[in-house]
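Now for the letters of each chain:
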Amino acid sequence: MIDRNLRTALIAAAGVVSMTGVGFASVPLYRMFCQATGFGGTTQRADAAPGAIRGATGQQMTVAFDSNTSTALPWRFTPDQRSMKVSLGEREMAFFTARNNSDKPVTGTATFNVTPAQAGKYFSKIQCFCFTEQTLQPGEEMRMPVVYFVDPAIATDPDARTVQEITLSYTFYPVDSAKAAS
């Protein structure tokens, strides 16, 4: 029979191993949860807009664009237009412009979200500069597209049907130089 102290130690070790596993799994699980539910304004990814499949509803809403950069990133980053009227279910495209104001190449990556948060699960991106890192040479300016749609199902969701404007917000951060060198 196993000694009582040994049994307690084994249970404690199993608990530590289990909690470590949960700790490592929490980030990908949280990311999957946010992508599936739109929690916290997390947008969705899609291959195509539903306009051709389900038909657009004819309803419109305003999508506003917000841009920010970390103070550690020597870029100017702005939307080409501040807002646009979009038809629900229809594929749309907006452009942002980034300029490297430094005298060396700089790589950045963008984080994103939408507000209000309940609109996140209805805002889908087909193509976005935020899916990959962006490198700008000294003084280089680049136009970056985002192709998206607002799912017509937003009009029937009791929590989101009163939403008249969605703000798509991006913040660019520098990529860790040690990571970029590898």
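The residue numbers shown here count from 1 along each chain, following its written sequence. With the structure being a predicted model, the display of local features is reserved for residues of pLDDT at least 70 and the display and counting of side-chain atom pairs for 80 or more, all residues being used for whole-chain, interface and lining totals. Note: side-chain values were computed over all heavy atoms of the structure, leaving out hydrogens and water.

Undergrad: For the pattern of salt bridges, give the residues involved together with the corresponding values.
TA: Salt bridge, as used here: a side-chain nitrogen of Lys or Arg that lies within 4 Å of a carboxyl oxygen of Asp or Glu. Under the counting rule described, the total for this entry stands at 3 salt bridges. The residue R76 makes a salt bridge to E141 at a minimum N-O spacing of 3.0 Å. With R76 in strand β3 (residues 75-79) and E141 in strand β9 (residues 141-150), this residue pair connects regions lying 65 residues apart in the sequence. Taking the relative accessible area as the measure of exposure, R76 reaches 35% and is therefore partly exposed. For every residue, the accessible area (1.4 Å probe, protein chains only) is compared with the maximum for its type, and the residue is labelled buried under 20%, exposed over 50%, or partly exposed between those bounds. A relative accessible area of 45% places E141 in the partly exposed class. The numbering of helices and of strands both runs from the N terminus, where a helix is a DSSP run of H or I of at least 4 residues and a strand a run of E of at least 2.

Undergrad: Could you give an account of the packing of aromatic side chains, with specific residues and numbers?
TA: Whether two aromatic rings pair depends on their centres lying within 6.5 Å, for rings of Phe, Tyr and Trp, where Trp uses its six-membered ring; planes under 30 degrees apart make the pair stacked, over 60 edge-to-face, and the rest tilted. For the coordinates displayed, the defined rule picks out 12 aromatic pairs. Ring centres 5.4 Å apart and planes at 20° place the aromatic pair F77 and F96 in the stacked group. Placement of the pair is F77 in strand β3 and F96 in strand β5 (residues 92-100), with a sequence separation of 19 residues. Given the relative accessible area of 5%, F77 is considered buried.

Undergrad: Describe unusual backbone geometry, listing the residues and the values that go with them.
TA: Note the cis peptide between T115 and P116, where omega equals 0°. Here P116 lies in the loop between β6 (106-115) and β7 (123-128).

Fair warning: the whole summary comes from geometry, so function is off the table for now.
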